[in-house]
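Each chain is listed here by its residues.
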Amino acid sequence: MAVPPIYAPIPPAVHPNHAAIDARTAAWAEAYDIGSPEWRSRLATQDIGVFAARILPEGREEVVSLLSDFVIWLFGVDDGYCEEGSLGVRPGELAAALHRLLRIAQNPEAPMLTDDPLAESLRDLTLRVARWGTALQAGRWVDTLREYFFAVVWEAEHRAAGRIPDLNDYTLMRLYDGATSVVQPFLEMGYGFELQPHERDSKAVRAAAEMTSFITTWDNDIYSHHKESRGGNYYLNVIRVLQHEYGLSPDRALTRAIAQRDRVMCLFLSLRAKLEDEGSPQARQYVGALSSFIRATQDWSVSSLRYTTPDDPAALSPSFSEAPTDDSTDPLDIPSVSWWWDLVPGSRTEPLDRPLAALGT
Ligand code: 3E9
Ligand code: MG
Ligand code: MG
Ligand code: MG
Ligand code: MG
Ligand code: MG
């Protein structure tokens, strides 16, 4: 299955100190002894710090480093506990382990899990979130961690049963189990602004954040399909879900997944333009930062050894496309997210045939 150039209307950008940030994260994971030595040496080659530096290209360096360390920590949970570890097929035990970690994020001083590398490193992350985030952002970070944990427990139940969810359930799970919503509070911390709860939880801003999760996780599924399908373990990926849902070959499922993410990308651009017109200055900053997150995932995914796997090379195009494969303004046939299209009523009458520059990137 060859992945073609994918539509990328958002310009690339990276924090100038990406190399130092990347090296510090490898040293941080080593100091806290996260995962096995084999896992750490693998992760150290995957440009995790460069990914964080692309998510926050103009962010405060301390927060870029904090995000970078947090991303490797998340992979410690996602690879270590869920996908390569025994808890990944024991949803009840996984829920217990994740609840204990959540307590550390809330109360790092709690005298529990004092020898546990994931807990000790989470204590460090928690103190840094308190240092660089507002009280609202620190609270939101714990809430988003809980929603990520809740979703990976759901995923583990499917893994234990060897079952493929339908497209609607998969979409709902994937809005959270890719840890994309846990990254979102760092967008505010990185630039030192605070989105007020009434605005963040408004339908329009929440939809923009959910679309960002959709696009980044669909892109992850497209680019990580090679790694995941060769791994020999059970895996959940939108290509697999679409094959199952519609009886498609892998190539046709890939084409369908790309069309879905392109359609959501077009809607995101329309909603972003609306929020840039109507939102607060903070909402404008936030949708700009969401845009960088989307492009960061694309640039990191086509270049990281995590996905290109040179020993068994993935057929990934390293370049991008200037046009969507599907610019329809009709809602996707996914009931949990079709309401997104209600938020941009004019989108049907504004076909995306204008130059990309006019879309306000
Ligand atoms: C992603 O899904 C799993 C997350 C825990 C990775 C850490 C989170 C981020 C870096 C936020 C950005 C999100 C992405 C890249 C989806 P999955 O399919 O287990 O990731 P994998 O790398 O194994 O394909
Ligand atoms: Mg390790
Ligand atoms: Mg590196
Ligand atoms: Mg995962
Ligand atoms: Mg994974
Ligand atoms: Mg993946």
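Right above here is the structure, for reference.
Rules of the game
Counting restarts for each chain: residues are numbered from 1 in the order of the written sequence. In the order they appear in the text, chains get letters beginning with A and ligands get numbers beginning with 1. Only residues with pLDDT of at least 70 are given local features in this predicted model, and only at 80 or more are side-chain atom pairs given and counted; all residues enter the totals for whole chains, interfaces and linings. Each side-chain value is worked out from all heavy atoms of the structure, with water and hydrogens disregarded. Classification of ring pairs rests on two measures: the distance between centres of Phe, Tyr or Trp rings, Trp counted by its six-membered ring, which must be within 6.5 Å, and the angle between planes, read as stacked under 30 degrees, edge-to-face over 60 and tilted in between. Strands here mean DSSP runs of E at least two residues long; helices mean DSSP runs of H or I at least four residues long; both are numbered from the N terminus. Relative accessibility thresholds used throughout: buried, under 20% of the residue-type maximum; exposed, over 50%; partly exposed, between the two (1.4 Å probe, protein chains only). Definition used: whenever NZ (Lys) or CZ (Arg) falls within 6 Å of the ring centre and also within 35 degrees of the ring normal, the charge is taken to sit over that ring. Residue contacts follow a heavy-atom distance rule, with two residues in contact if any of their heavy atoms lie within 4.5 Å. Keep in mind that water is not among the atoms, so a site may look incomplete; donors are the N, O and S atoms within 2.8 Å of the metal, or 3.2 Å for Na, K and Ca. Any residue with a heavy atom positioned within 4 Å of a molecule or strand is treated as near that molecule or strand. Here a polar contact is recorded for every N or O atom pair within 3.5 Å, except that within protein the pair must consist of a potential hydrogen donor and a potential acceptor, and residues adjacent in sequence are included only if both atoms are side-chain atoms. In this classification, the charged set is Asp, Glu, Lys and Arg, the nonpolar set is Ala, Val, Leu, Ile, Met, Phe, Trp, Tyr, Cys and Pro, and all remaining amino acids, among them Gly, are polar. One speaks of a salt bridge when a side-chain nitrogen belonging to Lys or Arg is within 4 Å of a carboxyl oxygen belonging to Asp or Glu.

Q: How would you explain the packing of aromatic side chains if you had to name every residue and give the values?
A: Aromatic ring pairs are defined here through the distance separating the ring centres and the angle between the ring planes. Throughout the structure, instances matching the rule amount to 12 aromatic pairs. Centroid distance Phe 214 to Trp 218: 3.9 Å. Interplanar angle 20°. Geometry classified as stacked. Here the residue Phe 214 and the residue Trp 218 both occupy positions in helix α11 (residues 203-230), the gap between them amounting to four residues, near one helical turn. Judged by relative accessible area, Phe 214 falls into the buried class, the value being 0%. Residue classification places Trp 218 among the buried positions, given a relative accessible area of 0%. Through a chain of ring-to-ring contacts, three or more aromatic side chains come together here, namely Tyr 170, Phe 214, Trp 218, Trp 340 and Trp 341. When the ring centre of Trp 132 is taken as origin, the NZ or CZ atom of Arg 131, which lies over that ring, is 4.1 Å away. Sitting over the face of the ring of Tyr 246, Arg 256 holds its NZ or CZ atom 4.3 Å from the ring centroid.

Q: Which residues make up the side chain of Thr 212, and what values go with them?
A: Position of Thr 212 relative to the elements: it lies in helix α11. Excluding its chain neighbours within four sequence positions, the residues that come into contact with Thr 212 are Gln 184, Phe 268, Leu 290, Phe 293 and Ile 294.

Q: Describe the coordination of the magnesium ion (ligand 5), and please don't skip the residues or the numbers.
A: Around the magnesium ion (ligand 5), the donor atoms from the protein are Glu 83 (OE) and Glu 83 (OE), and they sit 2.1 to 2.7 Å away. Between the magnesium ion (ligand 5) and the magnesium ion (ligand 4), both coordinated by Glu 83, there is a metal-metal distance of 3.4 Å. By the element assignment, Glu 83 lies in helix α4 (residues 61-83).

Q: Before we move on, can you summarise the site of ligand 1 with the specific residues and values?
A: Taken together, 19 residues form the shell around ligand 1, and within it Glu 83, Asn 220, Lys 227, Arg 306 and Tyr 307 come nearest. Side-chain polar atom of Ser 224 to an oxygen atom of ligand 1: 3.1 Å apart, as the coordinates give it. A distance of 2.9 Å separates an oxygen atom of ligand 1 from a polar side-chain atom of Glu 228. Elements with a minimum of two residues in the shell around ligand 1: α4, α9 (180-191), α11 and α15 (305-308). Looking at the shell around ligand 1 element by element, the count peaks at five residues for α4. The class makeup of the residues in the shell around ligand 1 is nine nonpolar, four polar and six charged.

Q: Could you give an account of the coordination of the magnesium ion (ligand 2), with specific residues and numbers?
A: For the magnesium ion (ligand 2), the protein coordination sphere consists of Ile 34 (O) and Ser 36 (O), at 2.1 to 2.6 Å. You can call Ile 34 buried: its relative accessible area is 0%. On the accessibility criterion, Ser 36 (33% relative accessible area) is partly exposed.

Q: An account of the pattern of salt bridges is needed here, citing residue identities and associated values.
A: Evaluation of the coordinates by the stated rule reveals 24 salt bridges. One salt bridge in this structure joins Arg 24 and Glu 61, with 2.9 Å as the shortest N-O distance. Within this pair, whereas Arg 24 is found in helix α1 (residues 18-31), its partner Glu 61 is found in helix α4, the two being separated by 37 residues in sequence. The class for Arg 24 is partly exposed, based on a relative accessible area of 38%. Between Arg 42 and Glu 84 there is a salt bridge whose closest N-O contact spans 3.4 Å. Of this pair, Arg 42 sits in helix α2 (residues 37-43) while Glu 84 sits in the loop between α4 and α5 (91-106), placing them 42 residues apart in sequence. Residue classification places Glu 84 among the partly exposed positions, given a relative accessible area of 47%.

Q: Got a sec to walk through the environment of Trp 28? Specific residues and values, please.
A: Tracing the backbone through its elements, the reader meets Trp 28 in helix α1. For Trp 28, a relative accessible area of 9% translates into the label buried. Along the chain, Trp 28 and Asp 69 lie 41 residues apart, while their C-alpha atoms are 7.1 Å from each other. Excluding residues within four positions of it along the chain, Trp 28 makes contact with Ile 34, Asp 69, Ile 72, Trp 73, Ser 121, Asp 124, Leu 125 and Arg 128. Within the structure, the side chain of Trp 28 is placed 2.8 Å from the side chain of Asp 124, a separation counted as a polar contact.

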